[in-house]
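Residue-level structural notes
The primary structure of each chain is shown beneath.
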Amino acid sequence: MAKRKVDTENRGFQTRWESEYMFTEVAGKPVCLLCGESVAVLKEYNLRRHYETKHADKNKNMDMEQRLQKAEELKRGLKSRQALFKKAKSQGQAAVKASFILAEEIAKSARPFTEGDFIKNCMIKVCDEVCPEKRQLFLNVSLSRNTIAERVDQLSINLKEQLVKKGKYFIAYSLAVDESTDISDIAQLSIFIRGVDSSLSVTEEFLALRPMHGTTTGHDLYEEVSRCVNEMELPWEKLVGLTTDGAPAMCGHRSGLVAKIREKMQEENATGELTAYHCIIHQEALCGKALKMEHVMSIITRTVNFIRAKGLNHRQFKAFLTELETEHGDLPYHTEVRWLSQGKVLQRCFELREEICLFLDSKGKDTTQLRDEMFLCEMAFLCDITSHLNAMNLQLQGRDHVISDMYSTVKAFKTKLTLWETQMRKENLSHFPSCQTMKEKLSTSAFPSAQLADKIGMLAADFRRRFADFEAQKSRLELLGNPFAVDVESSPPNLQMELIDLQCNDALRAKYAAVGAAEFARFLPDTMPQLRIQAAQTLSMFGSTYLCEQLFSLMNLNKTSHRSRLTAEHLHSILRISSAQSLTPNIDELVEKMGHHQVSPSTSNK
């Protein structure tokens with residue numbers, strides 16, 4: 001005979017039991033109003049037995065009306081106690097949630113963990129003035145240094161867990177890797193990931209920051225990157241691209257990071273070929289050196305340093321400009337590592353060239369070079385061409401750039417260089433306003449247009465040389481940029497049939513015109529699987545190491561001379577929180593976990 005199952009007998013609590021046996025129902029279980037005990041099985045016999053054995057003597061002289069009245073009083077008392085408990089629990093959870101929220105803000109603002117105590121003191125003072133009755137609620141929010149540090153680590157772990165979950169669905173991913181040193185002269189390896197899932201949604205996130213206390217050879221870099229990829233449970237066969245800063249340790253043919261990762265992929269029997277790129281922005285900055293105009297920049301730098309290095313000279317120069325009522329009131333410094341600063345310094349020096357010469361004359365300095373017409377023409381040219389280079393640099397910076405769009409920007413600039421060279425030889429200075437100004441002011445000599453056209457030609461040649469690796473991937477990039485203009489016959493055989501279907505589909509052509517190249521890939525139908533895989537691989541590629549450079553700026557904001565003892569673990573947690581874009585910490589989940597942790601038996605006895 002089968003055993004009876006209580007939960008299938010549809011037993012319900014009856015209201016009369018409240019007055020007869022002093023029981024009420026709480027969360028589906030009968031609970032005694034007199035002693036608070038609960039009965040396991042909802043049967044009248046069990047409730048009657050409990051009442052008669054434990055409480056019958058105390059209530060035997062009460063009539064039914066008195067029983068009803070007492071039951072109602074006990075129920076009100078029970079509800080008030082439950083409400084108080086729920087309120088205390090919700091207030092405790094709110095305090096924990098508040099500490100997580102503030103810890104996240106402290107991490108994002110590059111503030112030290114000790115700022116938590118300062119924030120709490122400010123909150124208490126505000127509370128005393130605005131709502132003194134709520135003071136205890138604010139006091140319950142723990143913001144000590146250790147608490148903030150712990151919360152930051154928990155937030156970072158939560159973000160990492162989310163990224164690991166997303167990584168399981170990537171059908172293609174690429175890495176951007178760069179290396180720099182912090183304030184303590186510790187080499188830091190920055191790694192970012194750009195992954196694409198089956199819906200062709202792109203996730204671009206911080207993967208890891210690895211401190212390297214010893215050497216930074218290609219093998220050392222490979223060990224760190226390999227460990228990071230394995231920890232994130234990322235399959236090697238889905239790695240498509242690797243973008244670096246072009247250093248020998250990164251790109252060495254035999255022992256560089258790229259070579260080591262290719263060896264690893266062969267060991268893992270990966271069918272795809274790893275595509276390695278040198279950061280587009282870094283290469284563009286290196287191309288500027290092909291102009292070989294350091295002699296112009298050295299004179300300008302020396303002049304700016306004379307004015308800015310000494311406080312007295314700087315103050316007098318600013319007062320001099322104010323007296324002359326010039327448009328600009330000062331000169332900026334030029335820093336070699338800040339690529340865009342050169343253009344700003346050149347532009348300002350050119351606009352204030354006459355005022356600078358007058359000021360230097362008053363200081364007894366020789367201004368022959370600064371007044372030389374050939375030098376002024378070269379400075380005007382360098383000012384204009386650097387302005388064009390900086391405009392392209394700004395276009396290439398930022399997050400979520402598709403590599404095909406970045407390639408198009410470079411390709412457009414190379415075409416512009418060809419036009420500018422032709423126009424310069426004809427002394428057409430339409431796109432060189434500073435040169436136009438100098439040409440109009442020349443007294444004796446002619447404007448050196450042929451010489452400057454040669455400079456543009458040298459720059460164009462260096463662009464072609466440095467971006468040869470992108471030219472090699474031209475067909476692949478154009479397939480994502482404009483699949484409707486791709487020549488089917490010259491495309492890979494596995495894509496030809498799908499390309500014909502795509503190019504003959506008017507609805508998809510209209511969608512491409514409406515949403516653009518970057519978004520269009522997501523609208524490719526499932527009947528074109530090869531095109532979708534090709535699009536995913538191209539979408540996953542990094543065009544630059546901009547995110548790594550941006551992370552190093554965040555690192556220097558956090559790890560300063562005043563926080564040089566910040567541990568590698570805490571620095572890593574801070575940077576994961578402050579650099580997160582598509583991911584946000586699930587604070588509610590963390591609070592809930594902490595609530596379970598606090599009531600568990602293993603922690604209650606500690």
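The chain carries the name General transcription factor II-I repeat domain-containing protein 2-like in an unreviewed UniProt entry, which gives Cottoperca gobio as its organism.

The next thing to look at is the overall build of the chain. What the chain contains, in helices and strands, is 29 helices and 7 strands. A compact globule built from 606 residues should have a C-alpha radius of gyration of about 25 Å, whereas the chain, at 35 Å, is more than 25% larger. With the principal axes as the frame, the chain shows a C-alpha extent of 125 × 70 × 50 Å. Relative to its 606 residues, the chain shows a buried fraction of 45%.

Once that is clear, we can look at the sheet that holds strand 5 (residues 202-212). On the basis of which strands lie adjacent, the open sheet formed by 5 strands has the order 5-4-3-6-7 and mixed pairing. Both edges of this open sheet fall to strand 5 and strand 7 (275-278), since each of them pairs with a single strand only. When the angles between neighbouring strand axes are averaged without regard to direction, this sheet yields 20 degrees. Of the strand pairs in this sheet, strand 3 (residues 170-181) and strand 4 (residues 187-197) are connected by 11 bridges, and their pairing is antiparallel. Bridge pairing in strand 4 places Leu175 opposite Ile193.

Inspection of the entire model under this criterion finds 23 salt bridges. With a closest N to O distance of 3.0 Å, Lys414 and Glu471 form a salt bridge. One end of the pair, Lys414, is in helix 17 (residues 403-425); the other, Glu471, is in helix 20 (residues 468-472), and 57 residues separate them in sequence. Between Glu589 and Lys593 there is a salt bridge, with the nearest N and O atoms lying 3.5 Å from each other. In this pair, Glu589 and Lys593 are both assigned in helix 28 (residues 587-599), 4 residues apart and thus about one turn of the helix distant. With relative accessibility at 29%, the residue Glu589 sits in the partly exposed group. For Lys593, a relative accessible area of 45% puts it in the partly exposed group. Shared partners join several salt bridges into a network, and the residues in it are Arg194, Glu204 and Arg399.

With that settled, the discussion passes to the domain arrangement of the chain. Split into domains, the chain comes out as domain 1 (15-83), domain 2 (152-279 + 544-596), domain 3 (286-469) and domain 4 (482-540). Using C-alpha coordinates to define each centre, domain 1 is positioned 62 Å away from domain 2.

Another point: the nonpolar core. Ranked by internal contacts, the top residues of the largest apolar core, which has 67 residues, are Leu175, Val177, Val225, Leu257 and Ile261. In this structure Val177 touches Leu189, Ser190, Ile191, Val225, Leu242, Thr243, Thr244, Asp245, Met250, Leu257, Thr545 and Cys548, once residues within four positions along its chain are discounted. Membership of the second largest hydrophobic core comes to 64 residues, among which are Ala172, Met293, Leu346 and Ile356.

Scoring rules and cut-offs
- Residues numbered from 1 in each chain as written.
- Predicted model: local features only at pLDDT ≥ 70, side-chain atom pairs only at ≥ 80, totals over all residues.
- Heavy atoms only, no water.
- Helix = DSSP H or I, 4+ residues; strand = E, 2+ residues; numbered from the N terminus.
- Rg over C-alpha atoms; globule rule 2.2 N^0.38 Å.
- Buried < 20%, exposed > 50% of the residue type's maximum accessible area, 1.4 Å probe, protein only.
- Pairing = 2+ DSSP bridges.
- Axes fitted to C-alpha atoms, helices over the stretch in contact; angles between N-to-C directions.
- Salt bridge = Lys/Arg side-chain N within 4 Å of Asp/Glu carboxyl O.
- Domains from an automatic or database assignment.
- Core = buried A, V, L, I, M, F, W, Y, C linked by side-chain atoms within 4.5 Å.
- Contact = heavy atoms within 4.5 Å.

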